[in-house]
Amino acid sequence: MSDSTTPSTTEALGAVLDEHLRWIGQWQRAVFYRDGRGGERSSAPASFQAWCQAASRDDLLQQPAVQKLANLHEQMHRQARLILLKASSGELPTESEYEGVIGRFEEFMLHLRRMERAFAAAASGLDPLTGLRTRRGMGEALEREHNRYRRTGQPFCVALADIDKFKGINDSYGHDIGDRVLAATAAVISRGVRSFDEAFRMGGEEFLVCLKETGLDEGYAVIERLRVDLMRSPVVLPDGRVIPVTASFGLVEAVADLTVDDLVVCADRALYQAKNSGRNRVIRYGIDRPEPKAAVAKVGRG
C-alpha cells in the first residue's frame, strides 16, 4: 500500500466500517421481520463507494488488498440482495444462504479492520506487518546520518538484507506463512542491531539497517552476528513444521564521495554478489571478491 495515503482515505474507511455494522442489523430485520421491505436502501451503504473514490484519487485501487476488499463487498451485497428478493415474496432464506451472507460479512469486516490498521500504520511511517519503519522515513534518517558524517567524520554503515528463497516459501506454504516469516525476520533484526541503530523494511522481503558510529570492521561483526542469529531462528508453524530462514547481506561504509543514494546502490550491489556467491552470507562492498564461477552457479536475487 502506498505511504502517500491521505487522511481522507483513512477516515472514509472508518465510515465504511461503522456503516456496515449498522447495515447488517438492518438487513436481518428486513429479511426476517419486514418481508424484505426497507432492505433495498440499506443493502448497499454509500460509504464504500465514497471510499473507493478516495482510494482512486490516491492510486490505491490497483493494490491487491484493496481489490480483495472490493470483491468481498460486491459478493456480500449481491448475496444479500438475492435474499431480500426472496423475502419480499414471503420466502425465508435457507440456513446455508443466510450463513453465506454472514460469512462474507465477517470476512469483509476482518479484512476492513486489517486495512484500517495498515493505513494507520502507513500514516505513521511504520510497516504494519513487521513494526519496522518504512521507506517513508528511511531517506530522512540516512540523510541525517550522512550530514553528521560530513560534519564530524564519524563513520557509519548501510546494510541491505534480503531473505533467501522467499518466493519459494510463499509458493510452498502460502502468503500467510510468508508474512509470518517476514515478521519473524524483522523481530530478529530488531533484537540483533544495537539500540542506537535503525532498521527499515524496504519492501517485499528486503530490509535496510543503518549502523551508526560504525566503521566497516565493526559493522561487519554486527551484521555477521545478525546473519547467524537469523539462521539459528527457524520459524515453527502451529502444526510443528519448521521453516529454516536465512538472508543475504550487502554492507557498505560511508565515504566522502558517496551520496545516500550511492550508498544504497553499493549495498545493493554487494547484496547481489552475496546472492550469486551462494546466499546466507555478508558481502562488504569493495572488499569481498566474487567466488570463482566454477565453484558457484549463478543464482540471481532470491
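So, here's what we can say about the structure. (Residues numbered from 1 in each chain as written. Predicted model: local features only at pLDDT ≥ 70, side-chain atom pairs only at ≥ 80, totals over all residues. Heavy atoms only, no water.)

Points about the overall build of the protein chain
Here is the rule: The way it works is that DSSP assigns letters per residue, a run of H or I at least four long becomes a helix, a run of E at least two long becomes a strand, and they are numbered from the N terminus. For every residue, the accessible area obtained with a 1.4 Å probe (protein chains only) is divided by the maximum for its type, and the residue is called buried under 20%, exposed over 50%, and partly exposed between those limits. Contact definition: two residues touch when any of their heavy atoms are within 4.5 Å. Surface exposure here means Shrake-Rupley accessible area, sampled with a 1.4 Å probe, where a residue is shielded only by the protein chains that are shown.
Summing up its helical and strand segments, the protein chain has 9 helices and 7 strands in all. Looking at the protein chain as a whole, 46% of its 302 residues qualify as buried. When contacts within the protein chain are restricted to residue pairs at least 6 apart in sequence, long-range pairs at least 24 apart make up 70% of them. Approximately 15,500 Å² of the protein chain is accessible, and the part contributed by carbon and sulfur atoms is 50%.

Some points on the pairing of strand S6 (residues 247-253)
It is a general feature of regular strands that their side chains alternate between the two faces of the sheet. Inclusion rule: Strands qualify as paired when DSSP identifies two bridges or more between them. For a crossover, the right-handed case is the one in which the path from the first strand over the helix to the second runs clockwise, viewed with the strands pointing away from the viewer.
Along S6, 6 of the 7 residues are buried, which leaves the element largely enclosed by surrounding structure. Across 3 bridges, the pairing between S6 and strand S7 (residues 282-284) is parallel. When the bridges of S7 are listed, Gly250 appears paired with Ile283. Traced from S6 through helix H9 (residues 260-276) to S7, the parallel crossover comes out left-handed.

Remarks on a nonpolar patch on the surface
Condition: To count toward a patch, a residue needs a relative accessible area above 30% and no salt bridge. Like charges then connect within 9 Å, nonpolar side chains (Val, Leu, Ile, Met, Phe, Trp, Tyr) within 5 Å. Any carboxyl oxygen of Asp or Glu that lies within 4 Å of a side-chain nitrogen of Lys or Arg is treated as forming a salt bridge with it.
Taken together, the side chains of Phe32, Tyr33 and Leu92 present a nonpolar region at the surface, about 370 Å² in accessible area. Structurally, Phe32 is set in helix H1 (residues 7-33). With relative accessibility at 36%, the residue Phe32 sits in the partly exposed group.

Topic: the state of the cysteines
Stated precisely, the cut-off is as follows: Criterion for a disulfide: a pair of cysteine sulfur atoms within 2.5 Å.
As enumerated under the stated definition, the model contains 0 disulfides in all. In this structure Cys157 is a free cysteine whose sulfur lies 8.8 Å from that of Cys210, the closest cysteine sulfur available.

Some points on H9
The line we're drawing: What a helix is expected to span follows from its residue count: subtract one and scale by 1.5 Å.
With 17 residues, H9 should cover 24 Å at 1.5 Å per step; its first-to-last C-alpha distance of 25 Å lies within 8% of that length. Those residues of H9 that sit buried are Val260, Leu263, Val264, Cys266, Ala267, Ala270, Leu271, Gln273, Ala274, Lys275 and Asn276. Buried positions along H9 lie against helix H5 (135-152), strand S1 (157-163), strand S2 (198-203), strand S3 (206-211), S6 and S7.

So, the sheet that holds S3
Here is the rule: Axis definition: a line fitted to C-alpha atoms, limited for helices to the stretch in contact. Angles are taken between N-to-C directions and run from 0 to 180 degrees.
Pairing within the open sheet is mixed, and its 5 strands lie in the order S2-S3-S1-S6-S7. Both edges of this open sheet fall to S2 and S7, since each of them pairs with a single strand only. Between one strand and the next, the sheet's axes are offset by a mean angle of 20°, whatever the strand orientation. Looking at chain direction, S1 and S3 are connected through 6 bridges and run antiparallel. Of the residues in S3, the one forming a bridge with Cys157 is Leu211. Its contacts with the sheet put H5 on S1, S2 and S3, and the angle it makes with S2 is roughly 135°. Running at roughly 10° to S3, helix H7 (residues 175-192) makes contact with S1, S2 and S3 of the sheet.

Things to note about the side chain of His77
So the rule is basically this: Any N or O atom pair separated by 3.5 Å or less is treated as a polar contact, with the protein-specific requirement of one donor-capable and one acceptor-capable atom, and with residues adjacent in sequence counted only for side-chain atom pairs.
Here His77 is to be found in helix H3 (residues 64-88). The class for His77 is buried, based on a relative accessible area of 2%. Within the local environment of His77, its side chain forms a polar contact with the side chain of His20, the two groups lying 3.0 Å apart.

Quick notes on unusual backbone geometry
Phi is positive for Glu213, which is not a glycine, with a value near 50°. Note that Glu213 resides in the loop between S3 and helix H8 (216-231).

Concerning the environment of Ser47
With respect to the element layout, Ser47 can be found in helix H2 (residues 46-57). Along the chain, Ser47 and Ala12 lie 35 residues apart, while their C-alpha atoms are 7.1 Å from each other. The residues contacting Ser47, other than those within four sequence positions of it, are Ala15, Val16 and Glu19.

Some words on the pattern of salt bridges
Counted by the stated rule, this structure contains 16 salt bridges. Of the charged contacts, one joins Arg194 and Glu218 as a salt bridge, the two residues approaching to 2.9 Å between their closest N and O atoms. One end of the pair, Arg194, is in the loop between H7 and S2; the other, Glu218, is in helix H8, and 24 residues separate them in sequence. Classification of Glu218 by relative accessible area gives partly exposed; the value is 40%. Close ionic contact of Arg227 with Glu224 constitutes a salt bridge, the shortest N to O distance being 2.5 Å. Of this pair, Arg227 and Glu224 are both found in helix H8, 3 residues apart, which corresponds to roughly one turn of the helix. A single salt-bridge network, built from bridges that share partners, covers Lys86, Glu91 and Glu97.

It is worth stressing that arrangement in space is one thing and function is another; only the former is reported here.
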